[in-house]
Amino acid sequence: MWVTSLRVMESKSIRKKSNSNNCEANINHQQSNLWNVMHRIAKEEGLLQLWNGTFTSLLLVSNPIIQHFLYGQMRMRLLSLHRHRSKARSASIRNVVSLPSSSLTAAEEFVLGAISKMVATVATYPLQLAQVLLRLQSKNDADD
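Positions within a chain are numbered from 1, following the residues in the order the chain's sequence is written. Given that this is a predicted model, residues contribute local features only at a pLDDT of at least 70 and side-chain atom pairs are listed and counted only at 80 or more, while totals for whole chains, interfaces and linings are drawn from all residues. The side-chain values count all of the structure's non-hydrogen atoms but skip hydrogen atoms and water molecules.

(A) Representation of the overall build of the chain in the model. The secondary structure listing takes helices from DSSP runs of H or I that are at least 4 residues long and strands from runs of E that are at least 2 residues long, numbered from the N terminus. The helix and strand inventory of the chain stands at 6 helices and 0 strands. Mapped from its N terminus to its C terminus, the chain presents α and β elements in the order α-α-α-α-α-α. By residue count, 17% of the 144 residues in the chain fall in the buried class. Within the chain, counting contacts between residues at least 6 apart in sequence, those at least 24 apart form 75% of the total. Computed with a 1.4 Å probe, the accessible areas rest on the Shrake-Rupley method; for each residue, only the protein chains presented here act as cover. When the accessible surface of the chain is summed, it comes to about 10700 Å², and 63% of that surface belongs to carbon and sulfur atoms. Any residue under 20% of the maximum accessible area for its type is buried, any over 50% is exposed, and the rest in between are partly exposed; the area is computed with a 1.4 Å probe on protein chains only. The contact definition used throughout considers only heavy atoms, calling two residues in contact when any of these lie within 4.5 Å.

Following this line, the structure appears as structure tokens:
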């Protein structure tokens, strides 16, 4: 579907640029239908070409996995630190109002989310770059 969607968007972009010739634009519009493009790709380039780039897309599923894992690990460690500090405080001072040991502030949650997203993005950036380069290479090969 990615291959087909990219081709449909590309044909729409070309159609907008060459909108001066209405007849040609109408023909391109008819040919840029999702199903027509899928059929044309399967017929001209082979059925497997419809799944071109799927492997790298599946590898990129690791981005939210890494993010969620890191967030969970950092959250557990921070909660553990809060519990430890809470016990130390309650041993020395009685009746102090503080956060429950099972919660974090909104700012802490935000920072944990930002850090985990940053690490996941940096870790998977080479995959994202490779995917873009593969798609550009496929496009250039098709144009030649």
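Next, the rest of the story.
(B) Local environment of helix 3 (residues 34-45). One less than the number of residues in a helix, times 1.5 Å, gives the span that helix is expected to have. Over its 12 residues, helix 3 runs 16 Å from end to end, which matches the ideal 16 Å to within 8%, given 1.5 Å per residue. Along helix 3, the positions that sit buried rather than exposed are V37, M38 and I41. Along helix 3, the residues classed as buried sweep out an arc of 100 degrees about the axis, all on the same side. Facing away from the buried side of helix 3, by more than 90 degrees, are the exposed residues W35, H39, K43 and E44. Residue G46 follows helix 3 closely and has a positive phi angle near 105 degrees. By arc we mean the arc of the directions from the helix axis to the C-beta atoms, nothing more.

(C) Local environment of a nonpolar patch on the surface. Surface patches are defined over residues having more than 30% relative accessible area and no salt bridge, joining like charges when they lie within 9 Å and nonpolar side chains (Val, Leu, Ile, Met, Phe, Trp, Tyr) when within 5 Å. The salt bridge criterion pairs a side-chain nitrogen of Lys or Arg with a carboxyl oxygen of Asp or Glu, the two atoms within 4 Å. Nonpolar side chains collect at one region of the surface, where F110, V111, I115, M118, V119 and V122 lie side by side and expose about 570 Å² of accessible area between them. Following the sequence through the fold, F110 ends up in helix 6 (residues 106-143).

(D) Summary view of the side chain of N63. Looking at the element boundaries, N63 is found in helix 5 (residues 62-92). If sequence neighbours within four positions are ignored, N63 has contacts with K117, A120, T121, T124 and Q128.

(E) Representation of the side chain of Q131. In this structure, Q131 sits in helix 6. Non-local contacts of Q131, meaning those with residues more than four positions away in its chain, are made with G53, T56, S57 and L60.

(F) Local environment of the environment of Q131. On the accessibility criterion, Q131 (10% relative accessible area) is buried. For the pair formed by Q131 and S57, sequence separation is 74 residues and the distance between their alpha carbons is 7.5 Å.

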